[in-house]
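Observations on the model geometry
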Amino acid sequence: MANSFDPVRFFRPLGPADDKYSHGVVGFVTGSANYPGAGILGVQSAIRAGAGLVRYWGNSETAKLVVSARPEVVLGNGRVDCWVLGSGVRPDDSELADRILQLGSAQTPLVIDAGALEIVDFSVLTARTVLTPHASEMVKLLARFGEKYQRSDIDTDPATFALLAANLTGQTVLLKGHQTFVASDSQVQKVGPNSPHLATAGSGDVLAGLLGAMIARNASALATDAGLLFDIAIAAVKLHSAAATAAAAIKTVAALDVAEQIGVLLARSN
Ligand SMILES: NC(=O)C1=CN([C@@H]2O[C@H](COP(=O)(O)OP(=O)(O)OC[C@H]3O[C@@H](n4cnc5c(N)ncnc54)[C@H](O)[C@@H]3O)[C@@H](O)[C@H]2O)[C@@H](O)CC1
Ligand SMILES: Nc1ncnc2c1ncn2[C@@H]1O[C@H](COP(=O)(O)OP(=O)(O)O)[C@@H](O)[C@H]1O
């Protein structure tokens, strides 16, 4: 029987009334000259997670690569149900930082990853948001609130630090690792152990895209039930890990394989 964290629960089947806007528009401000792949991986993941439409609003050089990898992608800003911000973005990239600051002060739900964790102004962040730091990014995130810790502190007691970050930011926090900790308000849940095949470059970018697609697809329910974000975050971690396990049964795992297997698992579940 499905429980509240069963990923399938968040992928209602499509029907005759659906169009490309009805089951999730995901926007990305991700990727950069040094990390173009982060832009591509997140977009691939969102598409395989069933997004109806993906917009990419990164720099123009990376945009060319994204569109050549996925011609379905539409470039620029526009109507979006969830923005994924920061994978592969350096905090000193002023062009993308301006976009991230703008979206971080609006109301569309957000996934805030990597560089965006250092850019977003948390004093004006009110959109429904999942923050996705790894342990080293968590150190920097806490420092923005005057909380000084080291990576070893986070590794020793990840549940406590996920909760602390959730309380400081007022948002859902997904602290990545072999075991992932999802925290929101006063609740924290351990998810995993996750597949060790996720220990490969770019798998976090794939998770950010998957989360974006799941939040976008459930945007209407989320508008009236903020608590759903916690359940979606947990379900996304489970699906991400299951996709890595499925990929590893075929060949050695690269991040793009994880995105592909998300699509295979979802096809089998419908
Ligand atoms: N193909 C691509 O374009 C890729 C882009 N990536 C982007 O690269 C940027 C920098 O990524 P990183 O922060 O991993 O940078 P680095 O790999 O430069 O690592 C920076 C610091 O974070 C630590 N760290 C890395 N992963 C960790 C983890 N899982 N847990 C704890 N500490 C960890 C490292 O030990 C190091 O001290 C991000 O914006 C990310 O999205 C990565 O996802 C890799 C692939
Ligand atoms: N040893 C591991 N076992 C299970 N999951 C892991 C392991 N190492 C990393 N992961 C997962 O892989 C992803 C890595 O994300 P991240 O650290 O952002 O890497 P990247 O920046 O390369 O995308 C996270 O979802 C994390 O939980």
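Small disclaimer: the values here were computed from a predicted structure and weren't measured.

Here we come to the nonpolar core. In this structure, Leu-211 and Ile-215 are the most contacted members of the largest nonpolar core, which totals 54 residues. At the level of secondary structure, the elements contributing two or more residues to this core comprise β1 (25-29), α1 (36-48), β2 (53-56), α2 (60-69), β4 (82-85), α7 (203-217), α9 (228-248) and α10 (255-269). With 13 residues, the top contributor of residues to this core is α9. Those residues within four positions of Leu-211 in sequence are excluded, and the remaining contacts are Val-111, Val-130, Thr-132, Leu-174, Ile-232, Ala-233 and Ala-236. Ala-97, Ile-100, Ala-116 and Leu-125 belong to the second-largest nonpolar core, a separate cluster that totals 36 residues.

The positions UniProt marks with the feature "binding site: (6S)-NADPHX" (unreviewed entry) are Ala-38, Gly-88, His-134 and Asp-205. Within the annotated group, the residues that form the lining of the largest pocket are Ala-38, Gly-88, His-134 and Asp-205. Mapped onto the elements of the fold, Gly-88 is located in the loop between β4 and α3 (94-104). The residues contacting Gly-88, other than those within four sequence positions of it, are Gly-31, Ser-32, Tyr-35, Ala-38 and Ala-114. Along the chain, His-134 turns up in the loop between β6 (129-132) and α4 (135-143). Residue classification places His-134 among the partly exposed positions, given a relative accessible area of 36%. With near-sequence residues (within four places) excluded, His-134 lies in contact with Leu-175 and Lys-176.

As for its position among the elements, Leu-41 is in helix α1. Judged by its relative accessible area of 15%, Leu-41 is buried. Spatially, the C-alpha atom of Leu-41 lies 7.6 Å from that of Ala-259, the residues being 218 residues apart in sequence. In this structure, Leu-41 is in contact with Gly-202, Asp-205, Val-206, Ala-255 and Leu-256, ignoring residues within four places of it in sequence.

The subject of this paragraph is the UniProt feature "binding site: AMP" (unreviewed entry) in the protein. According to UniProt, the positions carrying the feature "binding site: AMP" (unreviewed entry) are Lys-176, Gly-177, His-178, Gln-179, Thr-180 and Gly-204. Spanning 29 residues, the annotated positions come together in the fold, the maximum distance between their C-alpha atoms being 13.6 Å. Lining residues of the largest pocket, restricted to the annotated ones just named, are Lys-176, Gly-177, His-178, Gln-179, Thr-180 and Gly-204. One can find His-178 in the loop between β7 (172-175) and β8 (180-184). Overall, His-178 belongs to the partly exposed group, its relative accessible area being 49%. Checked against the element boundaries, Gln-179 lands in the loop between β7 and β8. A relative accessible area of 30% places Gln-179 in the partly exposed class. Ignoring any residue separated from it by four or fewer positions in sequence, one finds Gln-179 in contact with Lys-190, Val-191, Gly-192, Pro-193 and Asn-194.

This next bit is on the pairing of β6. A two-sided burial pattern is seen for β6, the buried positions comprising Thr-129 and Leu-131 on one face and Val-130 and Thr-132 on the other. As defined by bridge partners, β6 adjoins β7 across two bridges and the pair is classed as parallel. Among the inter-strand pairings, Val-130 is bridged to a residue of β7, identified as Thr-172.

Calculation rules
- The residue count restarts for each chain, going from 1 along the sequence in the order it is written.
- Following the order in which they are written, the chains are lettered starting with A and the ligands numbered starting with 1.
- It should be noted that, the model being predicted, local features are given only for residues of pLDDT at least 70 and side-chain atom pairs only at 80 or more, the latter also being counted only at that level, while totals for whole chains, interfaces and linings use all residues.
- Think of the side-chain values as coming from all heavy atoms in the structure, minus any hydrogens and water.
- By nonpolar core is meant a set of buried Ala, Val, Leu, Ile, Met, Phe, Trp, Tyr and Cys residues that side-chain atoms within 4.5 Å join together.
- Relative accessibility decides the category of a residue: with a 1.4 Å probe and only protein chains considered, values under 20% of the type maximum give buried, values over 50% give exposed, and everything between is partly exposed.
- A run of H or I in DSSP counts as a helix once it spans at least four residues, and a run of E counts as a strand once it spans at least two, with each numbered from the N terminus.
- What makes two residues a contact is simply this: any of their non-hydrogen atoms within 4.5 Å.
- UniProt positions are given in the numbering used here, feature names are shortened, and annotations may be inferred rather than shown by experiment.
- Definitions used for this entry: grid spacing 1 Å over protein atoms alone; cavity, a set of points where a 1.4 Å probe fits but cannot get out; pocket, an open set with protein on both sides within 12 Å along at least 5 of 7 lines; lining residue, one with an atom within 4 Å of a point.
- For two strands to count as paired, DSSP must find a minimum of two bridges between them.

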